[in-house]
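Reading the structure
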Amino acid sequence: MAAHSRVFLPFRFAILKTPQILGVHTRFIPPQAENCSRISYNHGDRGTSNGEEWTPPLYREHQPTSLFQKALLTVGSAAVAITNPHRHDMIAVLGETTGYYALIRIRDQMKADPVGQQILSERPRINTRTIDLEELRALPEGTFGKEYVNWLDRNDVTPDSRAPVKFVDDEELAYVIRRYREIHDLFHTLLGMPTNMLGECTVKMFEAVHTGLPMCAMGAVFGPIRLSSKQRWKLRNYYFPWAVKAGYSAKCLMNVYLERRFHEPLEELKADLNIPSPPHIPKSTDNNNTRLNRR
Amino acid sequence: MTYKTRNMAALWCVSVRLGRVCRCSNRIIASRRNLSEHKSSDETDKEEGTEKSTHFGFESINESEKTGKVHEVFSNVASKYDVMNDAMSLGVHRLWKDRFMQVLDPLPGTRLLDVAGGTGDIAFRFINWIKEKELQQKKASPGAEFRLNPLETDDSESAPDLEFPSAEDYLYSEQREDTTGTDDRKDSKVIICDINQSMLEVGKERAKKLGLEDDVVWVTGNAEELPFPDNSVDAYTIAFGIRNVTHIEKVLCEAYRVLTPGGRFLCLEFSQVSNPLLSSVYDLYSFQVIPVLGELIASDWKSYQYLVESIRKFPNQEEFAEMIREAGFRMVSYENLTSGVAAIHSGFKI
């Protein structure tokens, strides 16, 4: 059966198919599951259910989902992510389910730029197999690559810990969001932010402005719930304004082949990309941060 | 009916039953012969190049792969198994298992084998049920205070061996602390057998938390080839495990083999909902919500997709009852729970 045709079978096994982009939820599952066996299944793909519109998986790890499932995933992953920030995979799922239109915009931006086009066609990956961390450690201090490995070691993270993309229903957009996820750590290095909740909120605000992904905006708005009032004060008065400014001023980082610029000095790279340095918070504010002085 | 036709009918019934039992025992003999010749049916099939395929959810795979794939699924879900059960069934699985124990209604002295018992839900309920029954017996009969509870061991006696060396010894060991001579009843025993070590580990942790770790024996084994002797258990239970096996008939035959005459086979499993309206709601919930819950709670979509698909692939109540009859069990009956979402099938070896 063609994926986009309307096919009406006898009542018990009627499957109503509509293109998923219209967002119309397909009708109920027919009682017998055996009609599904007519479709040949490859290893690892089963579609959404035995009566839903069955789209074949478009890439490895792709899990086709209906609009209802995406909605459920959005709400659920947001709830889990805010209650348990260690569940990075939930933030990833939230980004995938809500980011469709933002990803289209980013992909179009990339297509309009020669380096972006190169990235889209070459599809480079950032993990321990493609980046030689030892080579980066050998770079002189102050270079982008050296700062990156220092940051990795300081925060005890590895570029391998990214969850695979599952719920984006377009192969190229799946690469775009994967690219975004993999250069997230490089954003941290460029902005000089650690991986604690404060640093993550700041980077999320930067990304929300810079990429337009709804997940980043949600993270920036709801993430600070988990912070103390002193941290929220710092965020509101120093980090967020700076992150917003940096997000608008920076050149589109999805169009920058960052892994080829590891040898460049970090400050020069930041100047080239129009990323201002992080704000300096005067030490005395720790004592001055009383109710009287807080705006 | 005349005398002659009644006799013919009786002979026919007996021959059918003998046929069923013989089929079962032939299978046991044949499988043992195959094992001794170091050649399983799978290997002979492979040599001929025609390996049979079976279902893994809605996917089609070779029979030899199914055990490994199911093992992988349960290794992945083991740590969040109980949380997911509560989330998916909204706690109703506890009511199902309570009803299951009510139907089994074991008396003190029952030896129970809980197959695919993994995290121990059924076994712990069994232990609590027996303890409750014994308390009631103590209260009911005079001089009860002089009888020791066989599930509690005297410190001095149990000190040397805290571990049962083998399942056989465990099953046949009789702890005779009670010398009043009222009866030589056996002690209640429960063995949990599961093919997946991770599930057993989770179960052991739970047993420790509940303080029941000394009352259970944990055995790793395949339900299709149980490492227990014939006629060794009084009750065989399998809860939500039989739909994951490669050959249901083999499991039923093994159940028949290890049960003593008069023993009871009890199976709790997902089944088919006959009411079409409820069925549509149930299907919708199964396919739309459960894999999402799996992704959110256990970060594992695929295992829970397998779960809901394997439920659809399992035979319905009547077909499964017929399979149990084929294995030689009698007085086979079933009880639907939650309108057929789950069903308890029961059979006796008589």
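Residues numbered from 1 in each chain as written. Chains lettered and ligands numbered in written order. Predicted model: local features only at pLDDT ≥ 70, side-chain atom pairs only at ≥ 80, totals over all residues. Heavy atoms only, no water.

Residues and elements named next belong to chain B. Between its terminal C-alpha atoms helix α11 (residues 276-298) stretches 31 Å, which fits the 33 Å expected from 23 residues at 1.5 Å a residue. Of all the bends found along α11, the most pronounced is centred on Val289 and spans about 30 degrees, while Pro291, a proline, follows it within four residues. A side-chain oxygen of the first residue of α11 lies 3.0 Å from the backbone nitrogen of Leu277; this N-cap is Asn275. Of the residues one or two after α11, Ser299 is the one with positive phi, at around 55 degrees. (Helix = DSSP H or I, 4+ residues; strand = E, 2+ residues; numbered from the N terminus. Expected span 1.5 Å × (residues − 1). Bend = angle between axes of the 7 residues up to and from the residue. Polar contact = N/O pair within 3.5 Å; in protein donor to acceptor, adjacent residues only side chain to side chain.)

A separate point is the pairing of strand β4 (residues 189-194) of chain B. All names here are of chain B. Within β4, six of the six residues are buried, leaving the element largely enclosed by the surrounding structure. Side chains of β4 alternate between two faces, with Lys189, Ile191 and Cys193 and Val190, Ile192 and Asp194 buried alike. Relative to β4, strand β3 (residues 111-115) runs parallel, the two sharing five bridges. Paired with Asp114 across the strands is Ile192, a residue of β4. Pairing between β4 and strand β5 (residues 216-220): five bridges, direction parallel. Looking across to β5, one finds that Val190 is bridged to Val216. Traced from β4 through helix α9 (residues 197-210) to β5, the parallel crossover comes out right-handed. (Buried < 20%, exposed > 50% of the residue type's maximum accessible area, 1.4 Å probe, protein only. Pairing = 2+ DSSP bridges. Right-handed = clockwise from strand over helix to strand, strands pointing away.)

A few words on the packing of aromatic side chains. Each aromatic ring pair is described using two quantities: the centre-to-centre distance and the angle formed by the ring planes. Applying the stated criterion across every chain, the model contains 17 aromatic pairs over all chains. Here the aromatic rings of B:Trp96 and B:Phe270 are separated by 5.9 Å at their centres, their planes lie at 85 degrees, and the arrangement is edge-to-face. Residue B:Trp96 is located in helix α5 (residues 92-104), and its partner B:Phe270 is located in strand β7 (residues 259-270); the two are separated by 174 residues in the primary sequence. Residue class for B:Trp96 comes out buried when judged on its relative accessible area of 7%. Looking at B:Phe270, the relative accessible area reads 16%, which means it is buried. An aromatic cluster is built from B:Tyr236, B:Tyr256, B:Phe265 and B:Phe329, whose rings are joined through pairwise contacts. In this structure, A:Arg260 packs its charged tip against the face of A:Tyr257, placed 3.9 Å from the ring centre. Seen from the ring of B:Tyr256, B:Lys349 lies directly overhead, with NZ or CZ sitting 4.8 Å from the centre. (Phe/Tyr/Trp six-rings, centres within 6.5 Å; stacked < 30°, edge-to-face > 60°. Lys NZ or Arg CZ within 6 Å of the ring centre and 35° of its normal.)

All right, on to the UniProt feature "binding site: Zn(2+)" (unreviewed entry) in chain A then. Residue and element names in this part refer to chain A. Mapped onto this numbering, the UniProt entry annotates "binding site: Zn(2+)" (unreviewed entry) at His184, Asp185, His188 and Glu200. Considering the C-alpha atoms alone, the annotated residues occupy 17 residues of sequence yet fold into one spot, their largest mutual distance being 10.3 Å. On the secondary structure map, His184 appears in helix α7 (residues 171-191). By relative accessible area, His184 is classed as buried at 6%. Other than its neighbours up to four places away in sequence, His184 contacts Arg162, Glu200, Val203, Lys204 and Glu207. Along the polypeptide, Asp185 turns up in helix α7. Note on Asp185: relative accessible area 4%, which makes it buried. Not counting residues up to four positions away in its chain, the partners in contact with Asp185 are Tyr148, Trp151, Leu152, Thr158, Pro159 and Arg162. (UniProt positions renumbered as here; feature names shortened; annotations may be inferred. Contact = heavy atoms within 4.5 Å.)

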